[in-house]
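The primary structure of each chain is shown beneath.
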Amino acid sequence: MMESSLGIFESKCLTTVRGHELRGGQKEPRLLSLLECSGQFMLDILANPDAIVLSPVPQLSIPINNHFQLVREAEEALLIDISFNTTVRIRLRGERTPEFLLELQDDVHTQSFIQHVMKAKQQAEGRSSLPKKMEPVVPVPIPPQRGTSKYTSNNINNSTLEQPLKTDSAHSLATDFGFKEHFNHSVKVEEKKNQQNRIVAQREPPPVPPLPPRKGTHTPSTNLTAGPTTKERPLPAQNATPVRQEYHSVDCPISLSDSPSNYSMRQTIMGSHTGSREGLIKYHMSKKEKEYVNIQYFNFFMGTWNVNGQSPDSSLEPWLCCVSDPPDVYALGFQELDLSTEAFFYMDSSKEQLWVEAVERYLHPKAKYKRIRIIRLVGMMLVVYVNKAHKHHIRDVASESVGTGLMNKMGNKGGVAVRFVFHNTSFCFVNCHLAAHVDDYERRNQDYKDICARMSFHLLDYPPLSIVKHDVVVWLGDLNYRLCLPDAGEVKRLIAVNELRRLQEYDQLNLQRTTKCAFTDFMEGEINFIPTYKFDSKSDRWDSSGKCRVPAWCDRILWRGSNVKQLHYRSHMELKTSDHKPVSSLFSVGVKMVNDQRYKKVFEEIVRDMDRMENDFLPSLSLTRREFTFENVKFRQLQRQSFLITNDGQVACTFAFIPKLNDSQYCKHWLRAEPSEGVLDPNEKLEIFLEVYVSKDSVTLLNSGEDKIEDILVLHLDRGKDYFITISGNYLPCCFGTSLETLCRMKKPIREIAITKLIDLGEDSCMEKEKSRMNFLLESAGTEDKPLKIPKEVWLLVNHLYTKACKQEDLFQTPGLQDELQSIIDILDTSIPESIPGCNHSVAEALLIFLEALPEPVLCYELYQRCLEYSHDSRLCKQLISQLPRAHRNVFRYLMAFLRELLKHSIDNNLNANLLATLFASLLIRPPPNLAGKQTPSDRQRANDFILGFLMGGDED
């Protein structure tokens, strides 16, 4: 333990503050005290168990003066429409000090902390009284600085600042925390994650190719292991510090005396360039990796099982102990772990612990294992174990999940993944459950592409890491690809005579891989076992139900990467719990091990070369284009253009797109550059793609004319000059993202209305909204000027579903097709069609996207709290609906009448009131932006109850 330099606390009170250790640490209160040191007041803050202090310092001695700043940040919703994170963030800034981030559990702890700070400030200023009421704190934007590291708080990563909380007294709390210079500063994991997502994730994935993920999805996960905490400086494995949940790192320079045995290879080096000399050294080290790396082989056991919602009822030993020698790593994927509604919507499942306990009971008896991560999304679960002998060589563990169900969010289908670095090789394990039904192979291909595009891992001081940015990737799960043979009898006959090779010619996955539609770069071993789907539960009989499903190899394990050899690939017929059989594969994987002496030799050579070149050369780039025009940009339709950059200088150069002055991110929300940073050797070329994609977060401003397809990108060259790239284009307005009031005043499609008229309509609709609150419903207006009762777009979508889809199976539970969704949006923007194109599922999803994109939800933001408060009383709920603006009131009643009609056909469409209430409550009753991160499970349940009352009780008004 470290002691304060001031020596005012006893050593027994001190505790190291690292990442999440405090959650499991001591529970007695820690000390906050005030003292005078050399005429300067200091606030000493010792670790508080109610705070997560993301910095490797045990105690802070903070000078109090008139120049410190407190920034309170709200959390965004992290899951589908569900957020379990109720922490409050406090960010501290000084003029000459690094940023520091505290996460407090709730507002009570926040106010307590602020009071301590204010007390210190007042005593420093000679005042003795505390304010009677603590007001929210307003963030003060800091302009970015040119030429600084691209991961510093005043550059790209300043994009983490959210909308300030408005208060008249905020400026009185805008003060500056200074930190002692000898404290090491590290960029925080959660801060980095939020920054990256706000830069690129304010968009939904387009069809081809999908864009990077939305905000990182937090799924219930557990990590009970430990690992080294190194990042910039390679540390010996024996110096590993145990932490819970994540592996954190200290920002230290490379030292020749440090052991590189825990140093991440290519993807770590390439992912952590900071535009500094150190980043370039790492880059060159990665280029010469073969000169100091040896390969050692370890055994990895991979397993997958769709358990069909069943609980474990027999020994798992035939599956998990089918090899004689204990594996070094286990990675086990489950699908359909829990089929209940609670698991689908609330992420809770009692089955998780049952299966984890069953797995741990039957891991190989010849070794002891440590769980390094478990992650679950609805019924998909992935759990990874490592032999305890290797636990100190595992680091940089992270997990993520991607839902590919309805609206690319719902987690009934999708994938979960765990990544880590073992010695110096990076691994990524993906467990997925793709779309079902024999003919839906294209939807399965789309699910695979969505997972690849949206799965992104966020680690300390790294850019986001995608699946393919790992040395070894193993993909397992219920991929659901079937056989293109409709005759179940013929398939069973071929199985009986062991004609498996002939059957595999009809396997959809093999066909999709051959035609390069999915899993193109993955390999799969020879299948010598019979299909694993579908059996009667508790037996070895093929499906004897009325559907008599055709047997298929749904459960698969594939891999990509070098130095990987498959030792076995088999199914386990002994286990009869489910209608699927478990599958396993054992791999021998070559792992990179660093030779310390050779590493140091290469390192010294590179440093000498860098010293010589830096004295003689400066970096330079040439660009093939600097002006780009994007024509006819549409909502949810991706456009891409590219240009080449060439290093025409004599030295390697580091580039990055940086924010303009007073901006928090390098581009507008609808624009993205990929890659946005990197390193180029002399004469090396790189293609940079500029992607324009209008999502629900940017469509409203573009529709109203407040924003245009215009931007300037600043391409900054470290130790060099800036290059300016201009973006221009025209946007085609869309009814999606337009207010209900404006749409009600539009008798024509939105594309037939001039932009000036759209602005006038928006202003008129605001006036109408105010009048409707006072029940002045424009009764005196002429027939032509009188607005529609509901938007024609809502009527067209709902009427289609009412007339053609009331009996559609799994309505609102199966996602639509991207091409059909775009066609639906286009036809609503350009015409008043007699019929809507596309399948019923696409029309249903289009309705949900329309509601989600509304600039203000059907239940207006100002009535959000009252909706929650009135949810228990149907009479008060109906009174509240009557107070809505005219358009909102009519749309709400129209939707409720439609949903009640759907429930009359629940036997056919598999809908129930709870499911509809949960889905539509998240769209119709959205919290105001300043409360989005504070929505609790109780709030969501009350919103569901509000809608449920109208679905079950009706609306007689």
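Just above, that's the structure.
Only a predicted model underlies this, so the values are computations on that prediction, with no experimental measurement involved.

Visitor: How should I be thinking about the overall build of the protein chain in this particular structure?
Guide: A tally of regular secondary structure across the protein chain gives 25 helices and 30 strands. For the protein chain, with 957 residues in total, the buried portion stands at 59%. Put simply, 73% of the contacts in the protein chain that link residues at least 6 apart link residues at least 24 apart. Put simply, the protein chain shows about 37700 Å² of open surface, and 49% of that area lies on carbon and sulfur atoms.

Visitor: Please clarify how the side chain of Glu845 should be interpreted in this entry.
Guide: Of note, Glu845 is situated in helix α19 (residues 840–853). Buried charge Glu845 goes without a salt bridge, the closest partner of opposite sign being Arg636 at 5.1 Å. Among the polar contacts listed, one links the side chain of Glu845 to the backbone nitrogen of Gly816, at a separation of 2.6 Å.

Visitor: How should I be thinking about the packing of helix α17 (residues 792–804) against α19 in this particular structure?
Guide: Two quantities define a packed helix pair, namely the angle between the axes and the distance from one axis to the other. Two elements in contact, α17 and α19, have axes whose closest approach is 10 Å; the angle formed by their N-to-C orientations is 145°. Note that α17 runs across α19; the crossing there is left-handed. Every residue of α19 that contacts α17 at Glu793, Val794, Leu797, Val798, His800, Leu801 and Lys804 is listed here: Asn840, Val843, Ala844, Ala846, Leu847 and Phe850. Of the residues in the contact of α17 with α19, the class split is nine nonpolar, two polar and two charged.

Visitor: Would you mind showing me how to read the state of the cysteines here?
Guide: As used in these notes, a disulfide is a covalent bond between sulfur atoms, one from each of two cysteines. Under the definition given, this model contains zero disulfides. Here Cys860 stays free of any disulfide, with the sulfur of Cys867 as its closest cysteine sulfur at 9.0 Å.

Visitor: What should I look at first to understand the sheet that holds strand β24 (residues 639–647) in this one?
Guide: Pairing is antiparallel across the open sheet formed by four strands, whose spatial order is β22-β24-β28-β26. Each edge of the open sheet carries a strand with a single partner, namely β22 (621–623) and β26 (671–674). Adjacent strand axes in the sheet meet at a mean angle of 25° when their direction is disregarded.

Visitor: Looking at this model, I keep getting lost on the sheet that holds strand β30 (residues 722–731). Mind explaining?
Guide: Either a parallel or an antiparallel arrangement is found when strands of a sheet pair, and the pairing is made through backbone hydrogen bonds. With mixed pairing, five strands are arranged side by side in an open sheet as β23-β30-β29-β25-β27. The open sheet terminates on both sides in strands that have one partner only, identified here as β23 (627–633) and β27 (677–680). For this sheet the average axis-to-axis angle between neighbouring strands, irrespective of direction, equals 20°. Bridge count between strand β25 (residues 653–658) and strand β29 (residues 710–717): four bridges; the pairing is antiparallel. Its bridge partner lying in β29, Phe657 is registered against Leu715.

Visitor: Could you clarify how one ought to interpret the packing of aromatic side chains in this entry?
Guide: Each aromatic ring pair is described using two quantities: the centre-to-centre distance and the angle formed by the ring planes. The tally for this structure, following the rule as stated, stands at 31 aromatic pairs. Ring geometry for Phe298 and Phe422: centres 4.9 Å apart, planes at 65°, overall edge-to-face. Taken as a pair, Phe298 in strand β9 (residues 293–306) and Phe422 in strand β14 (residues 414–422) lie far apart in primary sequence, 124 residues in all. You'll find Phe298 and Phe422 in the same group, each marked buried. Between Phe736 and Phe850, the aromatic rings sit 5.4 Å apart at their centres with planes inclined by 80°, giving edge-to-face as the arrangement. You can see Phe736 sitting in the loop between β30 and α15 (740–744) and its partner Phe850 sitting in helix α19, a full 114 residues away along the chain. On the basis of relative accessibility, which here comes to 1%, the residue Phe850 falls in the buried class. Among the aromatic residues, those joined into a ring-pair cluster are Phe298, Phe300, Phe420, Phe422, Phe427 and Phe429. The residue whose ring lies beneath Arg640 is Phe689, and the NZ or CZ to ring-centre distance is 4.2 Å.

Visitor: Explanation requested: the nonpolar core in the structure shown.
Guide: One broad rule of soluble globular proteins: the nonpolar side chains tend to lie buried together. Phe812, Leu859, Leu924 and Phe946 are the most contacted members of the largest nonpolar core, which has 103 residues in total. Once residues lying within four places of it in the same chain are set aside, the contact partners of Leu859 are Cys867, Leu880, Ile881, Leu884, Phe892, Leu924, Ile925 and Phe946. Membership of the second largest hydrophobic core comes to 46 residues, among which are Leu377, Met380, Trp542 and Trp559.

Visitor: Could you clarify how one ought to interpret helix α9 (residues 441–454) in this entry?
Guide: Think of an α-helix as turning once every 3.6 residues; residues three or four places apart then point the same way. For α9, with 14 residues, the first-to-last C-alpha span of 20 Å sits near the 20 Å given by 1.5 Å per residue. Of all the positions in α9, only Arg443, Arg444, Asn445, Gln446, Asp447, Tyr448, Asp450, Ile451 and Arg454 are classed as buried.

Visitor: Would you take a moment to explain the side chain of His572 for this structure?
Guide: Note on placement: His572 falls in the loop between β20 (564–571) and β21 (583–594). Given the relative accessible area of 2%, His572 is considered buried. Every residue in contact with His572, bar those within four places of it in the chain, is listed here: Pro318, Trp319, Cys322, Lys581, Pro582, Val583 and Ser584.

Visitor: Even after reading the chapter, I still don't get the environment of Asn563, so can you show me in this structure?
Guide: In this structure, Asn563 sits in the loop between β19 (555–561) and β20. Overall, the relative accessible area of 34% leaves Asn563 in the partly exposed class. Sequence separation of Asn563 and Val591 is 28 residues, and the distance between their C-alpha atoms is 7.9 Å. When neighbours within four sequence positions are excluded, Asn563 is seen to be in contact with Ile295, Tyr297, Ser588, Val589 and Gly590.

Visitor: It is not clear to me how the environment of Gly949 should be interpreted in this structure. Could you clarify?
Guide: Relative to the helices and strands, Gly949 is located in helix α25 (residues 937–953). On the basis of relative accessible area, Gly949 is assigned to the partly exposed category, the value being 35%. Taking the C-alpha atoms as reference, Gly949 lies 6.4 Å from Ser874; in sequence the two are 75 residues apart.

Visitor: Any chance you could explain unusual backbone geometry here in plain terms?
Guide: Excluding glycine, a negative phi dihedral is what most residues carry, and trans is how most peptide bonds are arranged. With an omega of 0°, the peptide bond between Tyr533 and Lys534 qualifies as cis. Among the structural elements, Lys534 can be located in the loop between α12 (508–514) and β19. With an omega of 0°, the peptide bond between Glu674 and Pro675 qualifies as cis. Considering the arrangement of structural elements, one finds Pro675 in the loop between β26 and β27.

Visitor: Teacher, can you tell me more about the pattern of salt bridges here?
Guide: Pairs can form between side chains of opposite charge once their charged atoms are near each other. Counted by the stated rule, this structure contains 33 salt bridges. With its nearest N and O atoms 3.6 Å apart, the salt bridge here joins Lys282 to Glu278. Taken as a pair, Lys282 and Glu278 lie in helix α5 (residues 277–287) at a separation of four residues, close to a single helical turn. By relative accessible area, Lys282 is classed as buried at 2%. For the salt bridge of Arg371 with Glu360, the shortest nitrogen-to-oxygen distance reads 2.7 Å.

Rules of the game
- Residues numbered from 1 in each chain as written.
- Predicted model: local features only at pLDDT ≥ 70, side-chain atom pairs only at ≥ 80, totals over all residues.
- Heavy atoms only, no water.
- Helix = DSSP H or I, 4+ residues; strand = E, 2+ residues; numbered from the N terminus.
- Buried < 20%, exposed > 50% of the residue type's maximum accessible area, 1.4 Å probe, protein only.
- Contact = heavy atoms within 4.5 Å.
- Areas by Shrake-Rupley, 256 points an atom, 1.4 Å probe, with all protein chains shown as cover.
- Lys, Arg positive; Asp, Glu negative; His and termini not counted.
- Salt bridge = Lys/Arg side-chain N within 4 Å of Asp/Glu carboxyl O.
- Polar contact = N/O pair within 3.5 Å; in protein donor to acceptor, adjacent residues only side chain to side chain.
- Axes fitted to C-alpha atoms, helices over the stretch in contact; angles between N-to-C directions.
- Left-handed = near helix turned anticlockwise from the far one by under 90°.
- Nonpolar A, V, L, I, M, F, W, Y, C, P; charged D, E, K, R; others polar.
- Disulfide = S-S within 2.5 Å.
- Pairing = 2+ DSSP bridges.
- Phe/Tyr/Trp six-rings, centres within 6.5 Å; stacked < 30°, edge-to-face > 60°.
- Lys NZ or Arg CZ within 6 Å of the ring centre and 35° of its normal.
- Core = buried A, V, L, I, M, F, W, Y, C linked by side-chain atoms within 4.5 Å.
- Expected span 1.5 Å × (residues − 1).

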